[in-house]
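# Descriptive analysis of the structure
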Amino acid sequence: AAAAAAAANRTLRVVESVRGPPRVLLRERPALAFASGRATGAPYVLDVSDDVRHQTVLGFGGAVTEAAWYALQQVNDTLRQRVLDAYFGAPEHGNGYTLLRTHVGSCDYSLRPYSYDDVKDDFAMANFSMAHDERTLIPLIKRILTRSARHVRVFAAPWSPPGWLKSNDDMIGTLVPGLWPEERYWDAWALYLVKYVQTMRAHGIELWALSTQNEPWNFGANWETCWWWAYEQREFIADYLGPALDAAGFTPHDLALLAWDHNTDYVFEFAKEILNDTKASRWVRGTAFHWYSGPNYDQLDATHRFNPTKFLLASEACAGPGVLRDSWQRGERYGAAIMGDLQHHTVGFVDWNIALEVKNCTSTTQWCVSGPNHADPQGDDAPIAVDSVRQRIYTQPSYYFIGHFSRYVLPQSIRIGAAWSDSARPEHVQAVAFARPPPHNDHVAVVMNSGNATVNYALQVTQPAVEHVTLSAPPRSIVTLIW
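Residues numbered from 1 in each chain as written. Predicted model: local features only at pLDDT ≥ 70, side-chain atom pairs only at ≥ 80, totals over all residues. Heavy atoms only, no water.

### Let's talk about the environment of asparagine 452
Rule in force here: A run of H or I in DSSP counts as a helix once it spans at least four residues, and a run of E counts as a strand once it spans at least two, with each numbered from the N terminus. Residue exposure (1.4 Å probe, protein chains only): buried if accessible area is under 20% of the type maximum, exposed if over 50%, otherwise partly exposed. Residues are treated as being in contact if the distance between any of their heavy atoms lies within 4.5 Å. Any pair of N or O atoms that falls within 3.5 Å is considered a polar contact. Within protein, one atom must be able to donate a hydrogen and the other to accept it, and sequence-neighbouring residues count only if both atoms are side-chain atoms.
Along the chain, asparagine 452 turns up in the loop between β20 (443–449) and β21 (455–461). Overall, asparagine 452 belongs to the exposed group, its relative accessible area being 63%. Along the sequence, asparagine 452 and leucine 356 sit 96 residues apart, while their C-alpha atoms lie 31 Å from each other. With residues up to four places along the chain from it excluded, the contact list for asparagine 452 reads Arg19, Pro475 and Arg476. Separated by 3.4 Å, the side chains of asparagine 452 and arginine 476 make a polar contact.

Right, dumping it as structure tokens:
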């Protein structure tokens, strides 16, 4: 009787974005009432079941790079805060980000290459200084943490050690091996990373996690990088970085290490080497990956099966080249990637630059160069682009596609069963569902239709009673359902 009463009063919130025309962006439609019983007559039925439980969600976010800092410095403070609120503000007006990635030393999206200790053979890191970041990244990150609507976890990744620690004597590019294969160089690099974590803490930024290397197999890059074989990374974590963190008073509970942090095509090969080692695995809480080689879901599944206690995190993604203004297709790429990653054990999704400056743009220009990027004059896309000449911002469709997840799929949500009944899956339609934590104690599903035709279907749920609601997915749309 209680279940029937709850079902009788339940309604469905529907938030949709549609390419159109007319264009619709995160618009909430009037609520719909559930009907009791199983769905009949709908061509497709999406069955959502609490009885099937998968991974717990960590969150969604983006990267604060020096390029993002620079872009935001080019606009007035009102616009600057509008961008930050759009990402980290409450769901009424922002995407509610809970993850923030940044870089250790410079990356390609820096104004120039820099490290925190360029004094050759300073193995004791006596000259270590983060004065550069104290003027740029650190104030911006602190501003975000102070004003964000939700708790934000900060994590960082190094692109390259100082050049003198590397076999090519340069932060740009890499040889194999990347780091000089001598103990004093490995000790120094571990000390450098520990000092980074300590300095961030001294500035009031408590790191949640540290990647051991951004894209360790990026051999041909013309920007900051460093090659690591999987066995080298295992040894570095087990015998150098882990002990250095221990000596500095950190524990794996205080700071998680992330393995791999590169494309999905070799994620399992690299991760299993590290996760199979007791000492290294003690520190490594998860494996991070990027989207640039395609989804490769078999690799994600294999990594999860190998050690289900370690999470998978999509830690970097961006479309490009340049900023393609109002590109719905690039937005759909985000929607499909987030949907697919979540369906394959991933606990979160982190975009690349939260903002980039567009150049050579006019009011009618569709494609614009972006940056700054010291290695690539074209740059890449970002969900929000900044036009310093006109003192305005351009919000891309990708921002709204991310928002359909980040605003409503809260941290600690659990992915639950979502399957099309009788294996009748509509073409071009994807769906994923979650049970949200207290105090919400409700459910969310995201449904994306990347096809050019409307798809009629029914949402069918079983908790607290069997009930359904009839829906339609407009062509080229993404919809978040809350009940």
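### Points about the packing of aromatic side chains
As a reminder, the rule being used: Between 30 and 60 degrees the pair is tilted, below 30 it is stacked and above 60 it is edge-to-face, where a pair is any two Phe, Tyr or Trp rings, Trp via its six-membered ring, whose centres lie within 6.5 Å. We count a charge as sitting over a ring when the NZ of a lysine or the CZ of an arginine lies within 6 Å of the ring centre and within 35 degrees of the ring normal.
Following the criterion strictly, the structure yields 38 aromatic pairs and no others. Geometrically, the ring pair formed by tryptophan 227 and tryptophan 229 is edge-to-face, given 5.1 Å between the ring centres and 75° between the ring planes. According to the relative accessible area criterion, tryptophan 227 is buried, its value standing at 11%. Take tryptophan 229: its relative accessible area is 36%, and that puts it in the partly exposed class. When the ring centre of phenylalanine 34 is taken as reference, the NZ or CZ atom of arginine 10 above it lies at 5.3 Å. Across the ring face of tryptophan 291, the terminal group of arginine 333 is positioned such that the distance to the ring centre comes to 4.1 Å.

### Here we look at the sheet that holds strand β7 (residues 153–158)
The following threshold applies: In short, DSSP must find at least two bridges between two strands for them to pair. Only C-alpha atoms enter the line fits that serve as axes; for helices the fit covers just the stretch in contact. Angles between N-to-C directions range over 0 to 180 degrees.
Taken together, the 8 strands give a closed barrel; going around it, the order is β5-β6-β7-β8-β9-β10-β11-β13, and neighbouring strands pair in parallel fashion. Strand-to-strand twist across the sheet, computed as the mean angle between neighbouring axes with direction ignored, equals 30°. By the bridge criterion, 3 bridges tie β7 to strand β8 (residues 207–211) in an arrangement that is parallel. Across the sheet, the residue bridging to valine 154 is leucine 207, located in β8.

### With respect to the sheet that holds strand β14 (residues 356–359)
Read from one edge of the open sheet, 5 strands run β12-β15-β14-β16-β17, paired in mixed fashion. Two strands in the sheet have a free side with no partner beyond their single neighbour: β12 (323–324) and β17 (392–395). Sheet topology places β14 next to strand β16 (residues 384–387); 2 bridges connect them, and they run parallel. Directly across from glutamate 357, in β16, lies its bridge partner valine 386.

### Re the packing of helix α11 (residues 328–343) against helix α12 (residues 397–406)
Applied cut-off: Each angle gets one of four labels, with under 35 degrees taken as roughly parallel, over 145 as roughly antiparallel, 65 to 115 as roughly perpendicular, and the rest as oblique. Handedness of each helix crossing follows the sense of rotation of the near helix against the far helix: counterclockwise by less than a right angle gives left-handed, clockwise gives right-handed. Following the grouping adopted for this structure description, the nonpolar residues are Ala, Val, Leu, Ile, Met, Phe, Trp, Tyr, Cys and Pro, the charged ones are Asp, Glu, Lys and Arg, and the polar ones are all others, Gly among them.
Contact geometry for α11 and α12: axes closest at 7 Å, N-to-C directions at 25°. Relative to α12, the element α11 lies roughly parallel. Here the hand of the crossing between α11 and α12 comes out right-handed. Of the residues in α12, those in contact with Trp328, Gly331, Glu332, Tyr334, Gly335, Ile338, Met339 and Leu342 of α11 are Pro397, Ser398, Phe401, Ile402 and Phe405. Split into classes, the residues belonging to the contact of α11 with α12 amount to 9 nonpolar, 3 polar and 1 charged.

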